[in-house]
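Tertiary structure, described
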Amino acid sequence: MGLVINVTSMEALTSPAILPFLFRWAHILFGIIWIGQLYFFNLVNVPFQGGLDKELKPKVNPALLLRAFYWFRWGAMYTLLFGLALYIWYYVYPEHNHRYADTGQPTSRGIWIDFGVAIAVIMWFNVWFVIWPRQKKILGGMAAGKPHPDAAKLAATAGKASRFNTYASGPMLFGMVGATHLAALSAPVLIAVLVVGIGFWFGMIKRSFKVKTTV
């Protein structure tokens, strides 16, 4: 019996089917890193920065936030790459789950996953081309002792993109999970997904400013 189990286990590890398992494992792992940092920024750092003395920010923020933004942006990159690998495997080739073979119409799973992927790509774009370039200028100037002249404007734009990503993460996760667990994506369902997904994070962000910082 032990020999059979061992042989079966080795066959599983060397089978091409191990690839989607590894893709999914890495996708979830880096997704936790990415979205975890996103929630840290919006639920912890934003309220914290509001109460931080101005003279302390150059001492605290570069060391803290440059580390956080490193994991944030590279978590986003690898989440996207492994997610696209999963998308290709399950929905394009070899499993062809995106469209029905007989009609060519998108499957329910395909519609849900397209919805989730579209939002995820927008969120990834915000990380690499809106949030990080501006924070790089802000934190770089702060670390060098030469605050960027447009720091306030840069921070406002980066903050709006980060807040958008937080709200968007709710519907995005509905799309990813809905591909397996939910029926077809209709207009009423889409409205419900947006209301619940965005509403949840609206409440969480409001709550973040009320969390007690005393024991």
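Our subject is the structure listed above.
These lines cover the structure that appears in this document, whether it is placed above or below. Here the structure is a predicted model, which is why all the values come from computation and not from measurement.

1. Quick word on the nonpolar core
Core analysis: the biggest nonpolar cluster contains 38 residues, and Trp 34, Ile 35, Phe 69, Phe 72, Met 123 and Trp 124 have the highest contact counts within it. Mapped by element, the contributors of at least two residues to this core are helix H2 (18–51), helix H3 (57–92), helix H4 (108–143), helix H5 (151–181) and helix H6 (187–208). In terms of residue count, H4 provides more of this core than any other element does, 14 residues in total. If we ignore the near neighbours within four places in the chain, the residues touching Met 123 are Trp 34, Ile 35, Leu 38, Asn 165, Ala 168, Ser 169 and Met 172.

2. Describing the environment of Tyr 167
With respect to the helices and strands, Tyr 167 occurs in helix H5. Sequence spacing of Tyr 167 and Phe 202 is 35 residues, and the spatial spacing of their C-alpha atoms is 7.1 Å.

3. Some details on H2
Look at H2: 49 Å from first C-alpha to last across 34 residues, which is about the 50 Å you get at 1.5 Å a residue. The sharpest bend along H2 measures roughly 40° and falls at Asn 45, with the proline Pro 47 sitting one to four residues further on.

4. So, the packing of aromatic side chains
The full count for this structure, using the stated rule, is 17 aromatic pairs. Seen in terms of ring centroids, Phe 23 and Phe 82 are 6.5 Å apart; in terms of plane orientation they differ by 45°. Their pairing is tilted. Here Phe 23, found in helix H2, pairs with Phe 82, found in helix H3; they are 59 residues apart in sequence, far enough to count as distant. Seen in terms of ring centroids, Tyr 70 and Trp 71 are 5.2 Å apart; in terms of plane orientation they differ by 85°. Their pairing is edge-to-face. Judged by its relative accessible area of 47%, Trp 71 falls in the partly exposed class. An aromatic cluster is present here, built from Phe 23, Phe 30, Trp 74, Tyr 78, Phe 82 and Trp 128 joined pairwise through their rings. The ring centre of Trp 132 lies 4.1 Å from the NZ or CZ of Arg 73, which sits over that ring.

5. Concerning a nonpolar patch on the surface
Taken together, Leu 19, Phe 21, Leu 22, Trp 25 and Leu 29 make up a surface patch of nonpolar side chains, about 500 Å² in accessible area. Residue position: Leu 19 is located in helix H2. Relative accessible area serves as the criterion here: at 35%, Leu 19 is assigned to the partly exposed category.

6. Some remarks on the layout of surface pockets
Size it by volume and the largest pocket reaches roughly 680 Å³. As for the largest pocket, its lining consists of 29 residues, and the residues nearest its centre are His 27, Ile 28, Leu 86, Leu 173 and Met 176. Of all elements in the fold, only H2, H3, H4 and H5 reach the threshold of two or more residues within the lining of the largest pocket. The element that contributes the greatest number of residues to the lining of the largest pocket is H2, accounting for nine residues. Split into classes, the residues belonging to the lining of the largest pocket amount to 21 nonpolar, six polar and two charged.

7. A short note on unusual backbone geometry
A negative phi angle characterises most non-glycine residues, just as the trans form characterises most peptide bonds. For the bond from Tyr 93 to Pro 94, the omega torsion is 5°, close enough to zero to count as cis. Summarising the element assignment, Pro 94 is placed in the loop between H3 and H4.

8. Observations regarding the packing of H5 against H6
Contact geometry for H5 and H6: axes closest at 8 Å, N-to-C directions at 140°. The orientation of H5 relative to H6 falls into the category oblique. Pair H5 / H6 crosses with right-handed handedness. On H6, the residues that touch Arg 163, Thr 166, Tyr 167, Ser 169, Gly 170, Pro 171 and Phe 174 of H5 are Val 193, Leu 194, Val 196, Gly 197, Ile 198, Trp 201, Phe 202 and Ile 205. When its residues are assigned to classes, the contact of H5 with H6 shows ten nonpolar, four polar and one charged.

Conventions adopted
Residues numbered from 1 in each chain as written. Predicted model: local features only at pLDDT ≥ 70, side-chain atom pairs only at ≥ 80, totals over all residues. Heavy atoms only, no water. Core = buried A, V, L, I, M, F, W, Y, C linked by side-chain atoms within 4.5 Å. Buried < 20%, exposed > 50% of the residue type's maximum accessible area, 1.4 Å probe, protein only. Helix = DSSP H or I, 4+ residues; strand = E, 2+ residues; numbered from the N terminus. Contact = heavy atoms within 4.5 Å. Expected span 1.5 Å × (residues − 1). Bend = angle between axes of the 7 residues up to and from the residue. Phe/Tyr/Trp six-rings, centres within 6.5 Å; stacked < 30°, edge-to-face > 60°. Lys NZ or Arg CZ within 6 Å of the ring centre and 35° of its normal. Patch = residues over 30% accessible without salt bridge, like charges linked within 9 Å, V, L, I, M, F, W, Y side chains within 5 Å. Areas by Shrake-Rupley, 256 points an atom, 1.4 Å probe, with all protein chains shown as cover. Salt bridge = Lys/Arg side-chain N within 4 Å of Asp/Glu carboxyl O. 1 Å grid on protein atoms, 1.4 Å probe; cavity = no way out; pocket = protein on both sides within 12 Å on 5 of 7 lines; lining within 4 Å. Points joined across faces, edges and corners; volume = space filled by probe spheres on them. Nonpolar A, V, L, I, M, F, W, Y, C, P; charged D, E, K, R; others polar. Axes fitted to C-alpha atoms, helices over the stretch in contact; angles between N-to-C directions. Parallel < 35°, antiparallel > 145°, perpendicular 65-115°, else oblique. Left-handed = near helix turned anticlockwise from the far one by under 90°.

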